[in-house]
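Coordinates in review
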Amino acid sequence: FEEARGRIPLARAHRENALDVFAAALGPTHKETLYSVELFTETLKKQGYWYEAVEYYNSIKMQFQDSKIADRRKLAIEMALKCDECLAEQEISMMKVEDAMSKELKKKDKPKMSRRHTLRHVMTFSEEKKLEDDDALIVDQKYMHDMLVSDSYHDMMGCKDFRKTCKLVGCFNLLRFYLAVMEFKVMRSGEAGFSHCCRRIYRDFVLEPDILDFVSNETRTWLGEILESEKRAPPADMYDELFEQGAHELYEKGFHNFTNTDQGKRWWKDHCMMLQHGKEVLFVQAVLRVIIAKREIKTCAWLELTLREYFKEKWSGDSKRFKMFMAERKRIRKLADELGATVTEYLEKFNTLKPDKFKKWKEGKLLRMREAASLRSQYGKGKTEVKKKKKLITGCFEVQFSVYRCRNLKKADMFGKSDPLVMLKWNGEEIGRTPVVNKSLNPEWGRFKFNSSLVMGKINDAHQKEPDGGQFTLEVYDMDMKVKVGDFLGQTVVDSLLACDTDAETRINKEERDLGNKPGQKLKTVGGTITFSCKAKWFKGGTLSSKLSMKCTGADGEDLEPGKGQCGGVFSDVKMPSFGLGGVKLPEVNLFGTKKKTIPSHFKLKLTVHRCKSLAKADMFGKSDPCVVVKFNGKEISRSPVVNKNLNPEWGKVTERGVVGGHTFEPYVELPCDKDGKMTTDQKDEVVGVEVYDCDLKMLGDFLGCVNFRAGRIMGMKGTEDAEFTLQQKPGAKKSKLVKGSVYLSVDTEFVKEHEVEEDQVGTALFKKGLGMMGKPTSAEEAEELKRQETDFSVVALPHG
């Protein structure tokens, strides 16, 4: 208890580890033990020894965390919690001190600078002593003393460099003596540790002539008599004379040399800046701290991370580990969004469930989300809810990126330098691009403003505007022959959460980033940096068809109307020239006529076949030539184009610009149903099949596998996109060794009510088919459209019969 109350020297109590005494006398789980630990740590906290308190808690935890006794392990857990609380209290106390300092500086007037703040290091101390009365000179160690006792960051860094200088010039022991006497002078006579500290200074410094060579033998004898002969406490001023002499020696030998170094000059510059503009410096630091805190709080709220977890990883000292931690957390956030679950729920299921049960839980979540989306799209939300939900406020962000320059790009051309341009994309779709800068590895665009784009968003429960997701990409390419996009030089990705920040303080303002590879690539042409900025506006109730308001930059640097910037190599307001088309004008009289046909109610099933993976090799020489056949109840509905010599065929991906990767294959299947949109049991049992064959001479050859769906099941799969299905054996047929791999499908359905359509008679149908083969218009509407383009058509006389 006496050690815990601090009545013996603090250093000795900490060195001897008082817990050993408590544990031996009372037992580690005794309530008096916990009380003693609290007394000791509270004493450390009040004196400002935060790190010593944390180390003390850690020593208890390390001693008992692997114990076989449950109560001792419990004590170790409590000490770990106390350690975290101590670190949090330290951070709060430091922030309070800084806030108090900033308030005091705001009240005070700006200090007046005079020639007294000019530091000289060319004169010795004795020369300065003679000129003591001159106002332009300073003859004291005030600056050195202030630097050694200050808690500000620049003074602490100056002390670190001052110690190095003292070691180099051989006066480090003088510095140790100076600091020890300062610690002794702070203590009160009779205080715990006062006599011990006094004797330690006498033993370690005064008795060593190599350290304090200016101390006479008479002084040493006199000090020894005071400490050893007399039983009373030593006087508080017994080292004052030696302290002044030691300070003069340290000032002449160490501080003058320190202020002549680059580190000393930098410290003096920072010291003068704080004297002149201390209030402004603290204000700027506070503003920067608020800006960084806002970003970090937003990120932690989105990733469902506590601030303690976030800063524990960030301040661990391993930046690579912190980046991996954040990337993994973002990946989990994305997976949880796909399942409609929170990150906490996802991690709890992942950690508690076995792998097979966790997989079933994921599949169940996905199936429920698809079913709910299907019901909402067909029948609406309904009116079964009793509680009124809060109205969701939606809108859109208008986001505009500006690019300034690139630095240190890689050389992509064999002869000469690269011809770079920057392309801006939103979720893979191009928004705009810069002009090409010829033969430059450090291109400059001034401030080139891309076309602005609209991003859907909402106001969440915390009344904060947030986007629905997605990301922007700034990609740098080398242009070949001023026509074709060539080598990839690097990219940087900006998440929509940062790009849609409307706060002028926290948004991206002229930020420089490193260029990196695309995922899964390691290209040697990637390197350098890009400097860009981003701004955003919020439009309440806006949609993707809202009008743009931000002007963009043209190819010659002029301002253009919103959305008229360069995109895809041409300006969006330039129209392609129209070419004259020859054709015929149909006669006004319909020679063959039409008939009406009733189409019963049905579901229109759109089945998109994207690709197959890991198919079997069916040909003796070379690979398979796969083809996909879609059947309904065994009857062929559609057949895909043949992909020659490929075990992983693709049938294209449809974008706004057309088909990418080949011909797309999107067959439609009509599933019968009743007039009210319900299916009978027999209709639900009808089979939709997807079969894969190897084609030989454009005819179906070896069977490579199939996937069969009941109509009732495939209706529940509405909204499925790019899902993988394993190829199976044909039902009732002999087992084949060529069946393996999988097929990727997307499913979408649409209900079509009963209606009537006009159908051409046989003669009219043949006539239009012949016109289509000749490249002529097949209807009066097409002919009128060509007439509006002021194109002359030739009239063809048609024979009867």
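Rules used in this analysis
- Residues numbered from 1 in each chain as written.
- Predicted model: local features only at pLDDT ≥ 70, side-chain atom pairs only at ≥ 80, totals over all residues.
- Heavy atoms only, no water.
- Helix = DSSP H or I, 4+ residues; strand = E, 2+ residues; numbered from the N terminus.
- Buried < 20%, exposed > 50% of the residue type's maximum accessible area, 1.4 Å probe, protein only.
- Contact = heavy atoms within 4.5 Å.
- Areas by Shrake-Rupley, 256 points an atom, 1.4 Å probe, with all protein chains shown as cover.
- Patch = residues over 30% accessible without salt bridge, like charges linked within 9 Å, V, L, I, M, F, W, Y side chains within 5 Å.
- Salt bridge = Lys/Arg side-chain N within 4 Å of Asp/Glu carboxyl O.
- Lys, Arg positive; Asp, Glu negative; His and termini not counted.
- Charge placed at Lys NZ, Arg CZ, Asp CG, Glu CD.
- Phe/Tyr/Trp six-rings, centres within 6.5 Å; stacked < 30°, edge-to-face > 60°.
- Lys NZ or Arg CZ within 6 Å of the ring centre and 35° of its normal.
- Pairing = 2+ DSSP bridges.
- Axes fitted to C-alpha atoms, helices over the stretch in contact; angles between N-to-C directions.
- Parallel < 35°, antiparallel > 145°, perpendicular 65-115°, else oblique.
- Nonpolar A, V, L, I, M, F, W, Y, C, P; charged D, E, K, R; others polar.
- Disulfide = S-S within 2.5 Å.
- Left-handed = near helix turned anticlockwise from the far one by under 90°.
- Core = buried A, V, L, I, M, F, W, Y, C linked by side-chain atoms within 4.5 Å.
- pLDDT = per-residue confidence, 0-100.

Describing the overall build of the chain
Counting its secondary structure elements, the chain contains 22 helices and 26 strands. Classification of the 801 residues of the chain by burial places 36% in the buried group. Put simply, 64% of the contacts in the chain that link residues at least 6 apart link residues at least 24 apart. Just so you have it, the chain exposes about 50,000 Å², and 53% of that area is on carbon and sulfur atoms.

Details of a positive patch on the surface
On the surface, Lys160, Arg163, Lys164 and Lys167 cluster together into a positively charged patch. Within the element layout of this structure, Arg163 appears in helix 8 (residues 153–169). According to the relative accessible area criterion, Arg163 is partly exposed, its value standing at 38%.

Brief notes about the pattern of salt bridges
A complete count under the given rule lists 24 salt bridges for this structure. Residue Lys298 is joined to Asp501 by a salt bridge in which the shortest nitrogen-to-oxygen separation is 3.4 Å. Taken together, the residues Lys298 in helix 13 (residues 262–303) and Asp501 in the loop between helix 18 (496–499) and strand 9 (511–514) connect sequence positions 203 residues apart. You can call Asp501 buried: its relative accessible area is 7%. The salt bridge involving Glu511 is made with Arg513; its shortest N-O contact spans 2.9 Å. The structure contains a network of salt bridges with shared partners spanning Glu42, Lys45 and Glu89.

A word on the side chain of Gln491
When you line up the elements, Gln491 lands in strand 8 (residues 484–495). Looking at Gln491, the relative accessible area reads 11%, which means it is buried. Filtering out sequence-adjacent residues up to four positions away, Gln491 remains in contact with Thr473, Leu474, Glu475, Asp514, Leu515, Gly516, Asn517, Lys518 and Pro519.

Considering the packing of aromatic side chains
In the structure shown here, the tally under the stated rule is 27 aromatic pairs. Through a chain of ring-to-ring contacts, three or more aromatic side chains come together here, namely Tyr143, Phe162, Tyr251, Phe255, Phe258, Trp267 and Trp268. In this structure, Lys167 is placed above the aromatic ring of Phe172, and the distance from its NZ or CZ to the ring centre is 5.1 Å. One Lys or Arg, Lys604, reaches over the ring of Tyr668 and ends 4.6 Å from the middle of that ring.

Overview of unusual backbone geometry
Apart from glycine, the bulk of residues carry a negative phi angle, and the bulk of peptide bonds sit in the trans form. Although it is not a glycine, Lys439 sits at a positive phi angle of roughly 50°. With respect to the helices, strands and loops of the structure, Lys439 is situated in the loop between strand 3 (429–433) and strand 4 (444–449). Note on Lys439: relative accessible area 46%, which makes it partly exposed. Within the chain, Asp722 stands out as a residue other than glycine whose phi angle is a positive 50°.

Here's the deal with a nonpolar patch on the surface
On the surface, Phe283, Val284, Leu288 and Ile292 cluster together into a nonpolar patch covering about 380 Å² of accessible area. You can see Ile292 is positioned in helix 13.

A look at the sheet that holds strand 24 (residues 723–726)
Judged by pairing direction, the sheet is antiparallel, and its four strands sit side by side in the order 21-16-25-24 without closing on themselves. Each of the sheet's edge strands pairs with one partner strand only, and the pair in question is strand 21 (668–672) and strand 24. The average undirected angle you get between the axes of adjacent strands in this sheet is 40°. Pairing of strand 16 (residues 602–613) with strand 21, which is carried by five bridges, proceeds in the antiparallel orientation. By the bridge assignment for strand 21, Lys604 is matched with Glu670.

Let's talk about the packing of helix 7 (residues 142–149) against helix 8
Look at helix 7 against helix 8: their axes get within 8 Å of each other, and the N-to-C directions meet at 105°. As far as their axial angle goes, helix 8 and helix 7 are roughly perpendicular. Taken together, the residues of helix 8 that come into contact with helix 7 (itself represented by Met144, Asp146, Met147 and Leu148) are Asp155, Gly158, Cys159 and Phe162. Per-class residue counts for the contact of helix 7 with helix 8 are five nonpolar, one polar and two charged.

Side note on the state of the cysteines
Throughout the structure, instances matching the rule amount to zero disulfides. Note on Cys83: no disulfide assigned, nearest cysteine sulfur contributed by Cys86 at a separation of 6.8 Å. When its relative accessible area of 8% is taken as the criterion, Cys83 is described as buried. Classification of Cys86 by relative accessible area gives buried; the value is 1%.

Considering the environment of Leu607
In this structure, Leu607 sits in strand 16. Taking the C-alpha atoms as reference points, Leu607 and Val630, 23 residues apart in sequence, are found 8.8 Å from one another. When sequence neighbours within four positions are dropped, the list of residues in contact with Leu607 reads Val630, Phe665, Glu666, Pro667, Val688, Val690, Ile714, Ser746 and Val747.

A closer look at the pairing of strand 7 (residues 471–480)
Within strand 7, eight of the ten residues are buried, which leaves the element mostly enclosed by the surrounding structure. Pairing of strand 2 (residues 420–426) with strand 7 involves seven bridges; the strand directions are antiparallel. What sits directly across from Met423, in strand 7, is Glu475. Across nine bridges, strand 7 lies against strand 8 in antiparallel orientation. Bridge pairing in strand 8 links Tyr477 to Phe488.

Focus on the side chain of Ser453
Residue placement: Ser453 occurs in strand 5 (residues 453–459). The class for Ser453 is buried, based on a relative accessible area of 11%.

Considering the packing of helix 9 (residues 172–186) against helix 12 (residues 240–259)
Relative to each other, helix 9 and helix 12 sit at 140°, their axes nearing to 9 Å. With respect to each other, helix 9 and helix 12 are oriented oblique. Remark: the crossing between helix 9 and helix 12 carries left-handed chirality. Listed contacts from helix 12 to Leu174, Leu175, Phe177, Tyr178, Val181, Met182 and Lys185 of helix 9 are Asp240, Leu242, Phe243, Gly246, Ala247, Glu249, Leu250 and Lys253. Split into classes, the residues belonging to the contact of helix 9 with helix 12 amount to ten nonpolar, one polar and four charged.

Describing the nonpolar core
Counting 42 residues, the largest nonpolar core has Phe162, Ile201, Tyr239, Leu250 and Phe255 as the members making the most contacts within it. Secondary structure elements with two or more residues in this core: helix 7, helix 8, helix 9, helix 10 (194–206), helix 11 (217–229), helix 12 and helix 13. Examining the composition of this core, we find that eight residues originate from one element, helix 9, more than from any other. If near-sequence neighbours (up to four positions away) are discounted, Tyr239 is found in contact with Val181, Phe184, Cys198, Ile201, Tyr202, Val206, Leu223 and Leu227. In terms of nonpolar packing, the next biggest core, distinct from the first, is built from 33 residues, Leu671, Met679, Leu704 and Val747 among them.

Points about the sheet that holds strand 23 (residues 699–710)
Read across the sheet, four strands follow the order 18-17-22-23 without closing on themselves; strand pairing throughout is antiparallel. Whereas interior strands pair on both sides, the edge strands pair on one side only; in this sheet they are strand 18 (635–639) and strand 23. Geometrically, the sheet is characterised by an average inter-axis angle of 30° between neighbouring strands, direction not taken into account. Strand direction decides the pairing type here: strand 17 (residues 626–632) and strand 18, joined by four bridges, are antiparallel. Counted as the bridge partner of Val630 is Ser638 from strand 18.

Comments concerning the confidence of the model for the chain
Mean pLDDT over the chain: 77, with 77% of residues reaching 70 or higher. Below a pLDDT of 50 lies the segment residues 569–591, which in the model reaches 37 contacts outside its immediate sequence neighbourhood of four places, other chains included. A low-confidence stretch, residues 790–801 stays under pLDDT 50, and its non-local contacts, those more than four residues away or across chains, total 17 contacts.

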